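# Observations on the three-dimensional arrangement
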Amino acid sequence: MQAKILIVEDEKDITDLVSYNLTKEGCHIDSAGDGEEALEKIKSGKYDLMILDLMLPALSGLEICRIIRSNPDTASLPIIMLTAKGEEVDRILGLEMGADDYVTKPFSPRELAARVKAVLRRTSGKPAPEKIIESGDLVINKETYLVTRKGKPIKLSATEFKLLLFLAERKGKIFDRDRILDAVWRNEAFVEPRTVDVHIRRLRAQIEEDPDHPRYIKTMRGVGYYFDGN
Ligand code: CA
């Protein structure tokens, strides 16, 4: 886990504990003792995740969370809140204000590391917020489920659409078959990795001018597939 994490906490013991344990996991840890320092530091945009204590001097964790979420530059920064027992109301508020997860003190370092991993996994593939994805001649409308190429509508099955959308929302990222199965087929039983290949072929037949030399859905040999957004 090679993430850059900012921990915002005024209790040095906890900062040290978290820092020690997450560094062992391969993370790079930076810390801030209060909200002002934290907001200053995240301007750099270099952090993958923030661990944010609720109880802080001056700005509270909730206020910091709200400020981060309301600024487009920082809105997508994953946040794990640290709460103490009895702060249940604040915890709920925190999640409402956009924290991605929370950990209750006292926590085990292993639990925190597991949460960090889970949040990073969940947020690293976050889709773009736009309603329409355009790439070359291809236009995908996420709200109407309409796909066109050179202005002409393309008929896709629900699964083909989901598959196309999954890849197109994550342009350039390569996904192996298992990851695609997880995302597109979710919990459907009896699907095997080959299913992905079959649907990729069908999708290409529909959206590509020359399915044998795809412009959009590309294969990374031995790895998987990706949407070429260039
Ligand atoms: Ca504190």
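Residues numbered from 1 in each chain as written. Predicted model: local features only at pLDDT ≥ 70, side-chain atom pairs only at ≥ 80, totals over all residues. Heavy atoms only, no water.

## Notes on the coordination of the calcium ion
Bound to the calcium ion on the protein side are E9 (OE), D10 (OD), E11 (OE), D53 (OD) and M55 (O), at distances that span 2.1 to 2.9 Å. Each donor residue of the calcium ion belongs to the same chain, and together they define the spacing E-D-E-x41-D-x1-M. One end of the pair, E9, is in the loop between β1 (4-8) and α1 (12-24); the other, M55, is in the loop between β3 (49-53) and α3 (61-70), and 46 residues separate them in sequence. (Donors = N, O, S within 2.8 Å, 3.2 Å for Na, K, Ca; no water. Helix = DSSP H or I, 4+ residues; strand = E, 2+ residues; numbered from the N terminus.)

## Quick look at the sheet that holds strand β8 (residues 147-149)
Ordered in space as β6-β7-β8-β9, the four strands form an open sheet in which the pairing is antiparallel. Because the sheet does not close on itself, it has two edges, and the strands there are β6 (132-135) and β9 (152-154). Each neighbouring strand pair of the sheet contributes to a mean axis angle of 25°, computed without reference to strand direction. Along the sheet, helix α6 (residues 158-168) makes contact with β6, β7 (138-141) and β8, crossing β7 at roughly 105°. (Pairing = 2+ DSSP bridges. Axes fitted to C-alpha atoms, helices over the stretch in contact; angles between N-to-C directions. Contact = heavy atoms within 4.5 Å.)

## Quick word on the pattern of salt bridges
Within the structure shown, the criterion is met by 16 salt bridges. D16 is the partner of K12 in a salt bridge, and the nearest nitrogen-oxygen pair spans 2.8 Å. One end of the pair, K12, and the other, D16, are both in helix α1, four residues apart, so they sit about a helical turn from each other. A cluster of three or more residues bridged by salt bridges with shared partners is formed by E9, E11, D53 and K105. (Salt bridge = Lys/Arg side-chain N within 4 Å of Asp/Glu carboxyl O.)

## Structural notes on the pairing of β6
Note on strand geometry: in a regular strand, side chains alternate between the two faces of the sheet. Going residue by residue along β6, you find I133 and S135 tucked away on one face and I132 and E134 left uncovered on the opposite face. In the sheet, β6 pairs with β7 via four bridges, with the strands oriented antiparallel. Pairing of S135 across the sheet is with L138, part of β7. The turn joining β6 and β7, which pair antiparallel and follow one another in sequence, is formed by two residues; a positive phi near 55° is taken by G136. (Buried < 20%, exposed > 50% of the residue type's maximum accessible area, 1.4 Å probe, protein only.)

These figures capture arrangement, not role.
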